[in-house]
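Okay, here's what each chain looks like letter by letter:
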Amino acid sequence: MATLGLKPRSTGAPLAPAPTSELLEELVAKAPDGPVDLEWLLSHLDKRSFGLLLLLLGLLVIIPGIATIALIALLFPAVEMMLGWSAPSFPRFLSKRQFDFKRFKQFTVRARPLLQAIESVSRPRWNARHDVTNRLVGLVVFLLALSAGWPLPLVNVIPGMAVVLIAIAYLQEDGLLLIVGMAAALICLLGLGWTLWASAGAVIGWIRH
């Protein structure tokens, strides 16, 4: 039986990454009916835990009511990737924080066709050094998490989607898709920066008049 996150290409061939949608479906199937905490999630992730954790938290960032705790949680694996850690962890005050996984299950059902559509055009294209990629992904996700924390309407949705795209590229070992995800993240960050700059200018202008 293939382990979670790895799928054999053929007998005797190297193990290939399993489709991201299958990883997500398998993890969701293991979840209990009631609330779960981040410690439970970490205990059910495979050796590619950073990628799958970023995917889960990126999806949670999009869901209203869960976004705040997901944003805080997202900062930790991002920093740990930048520091070169081999696996994610959370401080106890956060790892024991429970959230309603039922809403997440319902959301993943709706999101699965989109994940499969991305997977249909994705394939392993991984040329960069893995440690360098980890640190770069961690940095970009950290900036996205900070940008999604601004108290503006729906400001969490676009950064959350960018994190999901980056996580899929990371899991699929698709360097080209990762570049696309990084470009989307850059546009997102520049857009938010321009919005804040314009808003600040408008407020200053209003005060002066």
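Quick caveat: nothing in here was measured; it's all calculated off a predicted structure.

Right, let's talk about the side chain of S147 for a bit. Within the secondary structure layout, S147 lies in helix α7 (residues 130-147). Given a relative accessible area of 5%, S147 falls into the buried group. At 2.7 Å, the side chain of S147 forms a polar contact with the backbone oxygen of L144. Each residue touching S147, except ones within four places of it in the same chain, is listed here: V155, P159, L189 and L192.

In this section: the nonpolar core. Counting residues in each nonpolar core, the largest one holds 61 residues, and the members touching the most others are F104 and V137. Of all the secondary structure elements, the ones that give two or more residues to this core are α1 (20-30), α2 (38-43), α3 (49-62), α4 (67-82), α6 (101-120), α7, α8 (157-172) and α9 (175-208). With 11 residues, the top contributor of residues to this core is α3. Ignoring anything within four residues of it in the chain, the contact list for V137 reads L54, M81, I166, Y170, L178 and M182.

Moving on, we get to unusual backbone geometry. Of note in this structure, E173 is not a glycine but carries a positive phi near 55 degrees. For E173, the location among the structural elements is in the loop between α8 and α9. We classify E173 as partly exposed; its relative accessible area is 30%.

A few words now on the confidence of the model for the chain. Per-residue confidence for the chain gives a mean pLDDT of 80, with 87% of residues at or over 70. Note on residues 1-14: pLDDT under 50 across the span, and 26 contacts to partners over four residues away in sequence or across chains.

Pairs can form between side chains of opposite charge whenever their charged atoms are close. Tallying each qualifying case throughout the model produces 3 salt bridges. Between E25 and R112 there is a salt bridge, with its nearest N and O atoms 2.7 Å apart. Of this pair, E25 sits in helix α1 while R112 sits in helix α6, placing them 87 residues apart in sequence. On the accessibility criterion, E25 (43% relative accessible area) is partly exposed. A salt bridge links D174 to R125; its shortest N-O distance comes to 2.6 Å.

What follows concerns a nonpolar patch on the surface. Together, L136, L139, L143 and L146 give the surface a local cluster of nonpolar side chains, amounting to about 330 Å² of exposed area. Examined against the element boundaries, L146 turns out to sit in helix α7. A relative accessible area of 43% means that L146 is categorised as partly exposed.

With respect to the secondary-structure elements, D37 resides in strand β3 (residues 36-37). Within the buried core, D37 has no salt-bridge partner, and the shortest N-O distance to an opposite charge, that of K96, equals 4.6 Å. In terms of polar contacts, D37 uses its side chain to reach the backbone amide nitrogen of E39, at 3.3 Å. Look past the residues within four positions of D37 in its chain and what remains in contact with it is S95, K96, R97, Q98 and F99.

What counts and what doesn't
- Residues numbered from 1 in each chain as written.
- Predicted model: local features only at pLDDT ≥ 70, side-chain atom pairs only at ≥ 80, totals over all residues.
- Heavy atoms only, no water.
- Helix = DSSP H or I, 4+ residues; strand = E, 2+ residues; numbered from the N terminus.
- Buried < 20%, exposed > 50% of the residue type's maximum accessible area, 1.4 Å probe, protein only.
- Polar contact = N/O pair within 3.5 Å; in protein donor to acceptor, adjacent residues only side chain to side chain.
- Contact = heavy atoms within 4.5 Å.
- Core = buried A, V, L, I, M, F, W, Y, C linked by side-chain atoms within 4.5 Å.
- pLDDT = per-residue confidence, 0-100.
- Salt bridge = Lys/Arg side-chain N within 4 Å of Asp/Glu carboxyl O.
- Patch = residues over 30% accessible without salt bridge, like charges linked within 9 Å, V, L, I, M, F, W, Y side chains within 5 Å.
- Areas by Shrake-Rupley, 256 points an atom, 1.4 Å probe, with all protein chains shown as cover.
- Lys, Arg positive; Asp, Glu negative; His and termini not counted.

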